[in-house]
Each structure stands twice: as structure tokens, then as C-alpha cells.
Amino acid sequence: MISRMPGSEGGRRKRLRICGNLVGVLPCGHRCSRSTYDGEVREMRDAVTVLEIIRERGRRGLPLERVYRCLFNPDLYLLAYGKIYRNAGAMTPGVTSETVDGMNLGKIEAIIGALRQERYRWTPVRRTYIDKKGSSKKRPLGLPTWSDKLLQEVLRLILEAYYEPQFSDRSHGFRPGRGCHTALLEVYHQWRGTVWFVEGDITDCFGSLDHSITRSILAEKIHDGRFLRLIDGLLQAGYLEDWRYHTTLSGCPQGGVVSPVLSNI
């Protein structure tokens, strides 16, 4: 299969080839394809098809099974790459010097190879602090490595496809096609006769997520131990501050690609 990937060197676009040696199984049991050793070729489902199947299961309230095998599909990583390579943080290193610069299919294959063997290990994020709007306090920001960021985006695509149809229509934060303006439109059209407005804020929302509760909520709908263990590893990867390692007993990194959808779940 030939895919075009926007290049990171000089803004050029490179034409890259995916070798047909990767295989995955969709949550509904359909097998993603590869070229077999006897020369038989089976079509690999593209990322849009995979996510639509996952989205339909979420819409029907069906559990998600064998979803870990979807992480073997390189097309999901190409889709994830296309969504995050333009971000300003793509050139910001984590605890290693790795960034989007020099991205190639070899990195995708290395990630998939490690996932197949269940040997992928999340790297601790590099913690820095940024100004908090309207306050003299600083907000902690976790900077993951590029490979972790890419895999987090794949996880985000899968989780968002499955849970988005199940979220409340009253929820507008960290959701595709929603935000402050859609919330204001709902207030304008439906909150007629409202006298009191109560404003609230969850203190340290991302940093306060309980790992065991998050895991139990995910396990209600996702019946795949390998996928859940991968998310466990992400939440427990820890962080480096002034090059000292700190464990994360709760929360998910503010600045992590998958953190917003986990907070919504």
C-alpha cells in the first residue's frame, strides 16, 4: 500500500511505501490484511473504516473487544501523524531529543513491533511550567517524546471514536466540533427563564484523575486486557522535573495527547 506522508524536512512531501508485513484484527473480528508468505494478499482496512466500526459499536453500546490488535494497523499511525505533525509542540523534545523531524515509517514499524511483543514502554514526560491565564500561579505541563505522542494520538482516535457517541449532549469540553461557542448556543436557545448561573472549576483536573477509577470505568466497556495495561503504563510512566524522576500515583499528564478524552471518560 502506498501512502503519502507530509515530510518534516523543509516542508517537503515524501512518498513512502508501507511493506505488507503488518497485520491486525478489528474489534468486530474482521482481520486487517497483509501479504502472506504464500503470496496471497488480503486487503488491509484503512483507518477511517476501522474507526467507523469502533464508532458504530459505541453507538450501539456494544463492548469493545480485541481492540489492542488495531494498534498493529500502520494506517492509524499515518492518520495520527497527519493530525499532530503541524502542532507547535511537534518540534518540542521530551526527555529525549526525538521530535517530528526525521519522521519515517521505520519509527511506526518499531512502535508496532514493540506493541506486538507487549514490550512498548512509555517514557516519563518532561515537566515544565507555563503561565496560568488570569493567575500568578504556574500550570504544570508534561512533554512526551515524539513516539509516545504519536501512539497517544492513535489511542485518542480509538477512544474518541468509541466514547464520543455515548457522551452527554450537554458536554462541550475537549470534544470534536464542540467548545465554548456551542455551549453558548445551547444556553441561548434552551436556557430560557434561567435566573441563576453557577460557575465552577475542577481543581487540578488532569492531575487528580484516580488511576483505579479510570481503569474500572474503561474496563466496563473495553474487554481487552492488553489495551487496558497499555493505558495503565501510560498513566504510571511518571515524569522528570529538573532531571529527577517522580512517580505518578494519580492523574494523567497535562499536555498529554490522550489526557482530555480520558478526563471526559
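Basis of the calculations
Throughout, residues of each chain are indexed from 1 in the direction in which the sequence is written. It should be noted that, the model being predicted, local features are given only for residues of pLDDT at least 70 and side-chain atom pairs only at 80 or more, the latter also being counted only at that level, while totals for whole chains, interfaces and linings use all residues. Excluding hydrogens and water, the side-chain figures rest on all heavy atoms present in the structure. Helix numbering and strand numbering both begin at the N terminus, where a helix is a DSSP run of H or I of at least 4 residues and a strand a DSSP run of E of at least 2. Exposed residues in this analysis have more than 50% of their type's maximum accessible area, buried residues have under 20%, and partly exposed residues fall in between, with area computed by a 1.4 Å probe over protein chains only. Whether two residues are in contact is decided by their heavy atoms, any of which lying within 4.5 Å being enough. In this description, accessible areas are obtained by the Shrake-Rupley approach with a 1.4 Å probe, and a residue is regarded as covered only by the protein chains that are shown. A pair of aromatic rings is counted whenever rings of Phe, Tyr or Trp (Trp by its six-membered ring) have centres within 6.5 Å, and the orientation is called stacked for planes under 30 degrees apart, edge-to-face for over 60 and tilted otherwise. Over a ring means this: the NZ of a Lys or the CZ of an Arg is within 6 Å of the ring centre and within 35 degrees of the ring normal. Pairing between two strands requires that DSSP report at least two bridges joining them. Axis angles are defined between N-to-C directions and span 0 to 180 degrees, where every axis is a line fitted to C-alpha atoms and, for a helix, only to the segment in contact. What a helix should span is 1.5 Å times the count of its residues minus one. Between N or O atoms, a polar contact is any pair within 3.5 Å; within protein, one atom must be a potential hydrogen donor and the other a potential acceptor, and residues adjacent in sequence are included only when both atoms are from side chains.

Engineer: Is there a simple way to think about the overall build of the protein chain in this case?
Structural biologist: The secondary structure content of the protein chain amounts to 8 helices and 8 strands. Within the protein chain, the fraction of its 265 residues that count as buried is 42%. Considering only contacts within the protein chain whose residues lie at least 6 apart along the sequence, 67% involve residues at least 24 apart. Summed over all atoms, the accessible surface of the protein chain reaches about 15,000 Å², with 51% contributed by carbon and sulfur.

Engineer: When you look at the packing of aromatic side chains in this model, what are you seeing that I'm missing?
Structural biologist: Each pair of aromatic rings is reported with the distance of its centres and the angle of its planes. For the structure shown, the criterion picks out 8 aromatic pairs. Seen from their ring centres, Y68 and F72 are 5.8 Å apart, and the 85° between their planes marks the pair as edge-to-face. Accessibility assignment for this pair places Y68 and F72 in one class, buried. Here the aromatic rings of Y162 and Y163 are separated by 5.1 Å at their centres, their planes lie at 85°, and the arrangement is edge-to-face. Judged by relative accessible area, which is 1%, Y162 ranks as buried. Among the aromatic residues, those joined into a cluster by ring pairs are Y81, Y85 and W146. For R116, the ring lying beneath its charged end belongs to F72, and the centroid distance is 4.7 Å.

Engineer: Hey, could you run me through the sheet that holds strand β5 (residues 138-143) in this one?
Structural biologist: To summarise the sheet geometry, strands pair through backbone hydrogen bonds and adopt either a parallel or an antiparallel arrangement. Here 4 strands make up an open sheet; going across it, the order is β5-β4-β7-β8 and the pairing mixed. Edge strands, defined here as strands with exactly one partner in the open sheet, are β5 and β8 (244-246). When strand polarity is set aside, the average angle formed by the axes of neighbouring strands in this sheet is 45°.

Engineer: How should the pairing of β5 be read in this particular structure?
Structural biologist: Across a regular strand the side chains alternate sides, sitting on one face of the sheet and then on the other. Note that strand β4 (residues 125-131) and β5 share 6 bridges and pair antiparallel. Counted as the bridge partner of D131 is K138 from β5.

Engineer: How should I be thinking about helix α4 (residues 146-163) in this particular structure?
Structural biologist: Within an α-helix, residues lying three or four positions from one another point in the same direction, as the helix has 3.6 residues per turn. The terminal C-alpha atoms of α4 lie 25 Å apart, and with 18 residues this matches the ideal 26 Å at 1.5 Å per residue to within 8%. Most of α4 sits inside the fold, with 18 of its 18 residues counted as buried.

Engineer: Would you take a moment to explain the side chain of Q152 for this structure?
Structural biologist: Structurally, Q152 is set in helix α4. In this structure the side chain of Q152 is engaged in a polar contact, spanning 2.9 Å, whose partner is the backbone nitrogen of V257. Contacts of Q152, omitting those with residues within four sequence positions, involve W122, P144, L234, G256, V257 and V258.

Engineer: Please clarify how unusual backbone geometry should be interpreted in this entry.
Structural biologist: Glycine aside, residues mostly have negative phi, and peptide bonds are mostly found in the trans state. Positioned with a positive phi, D204 is a non-glycine residue whose angle comes to about 50°. Even without glycine at this site, D242 takes up a positive phi of about 55°. When you line up the elements, D242 lands in the loop between β7 (239-241) and β8.

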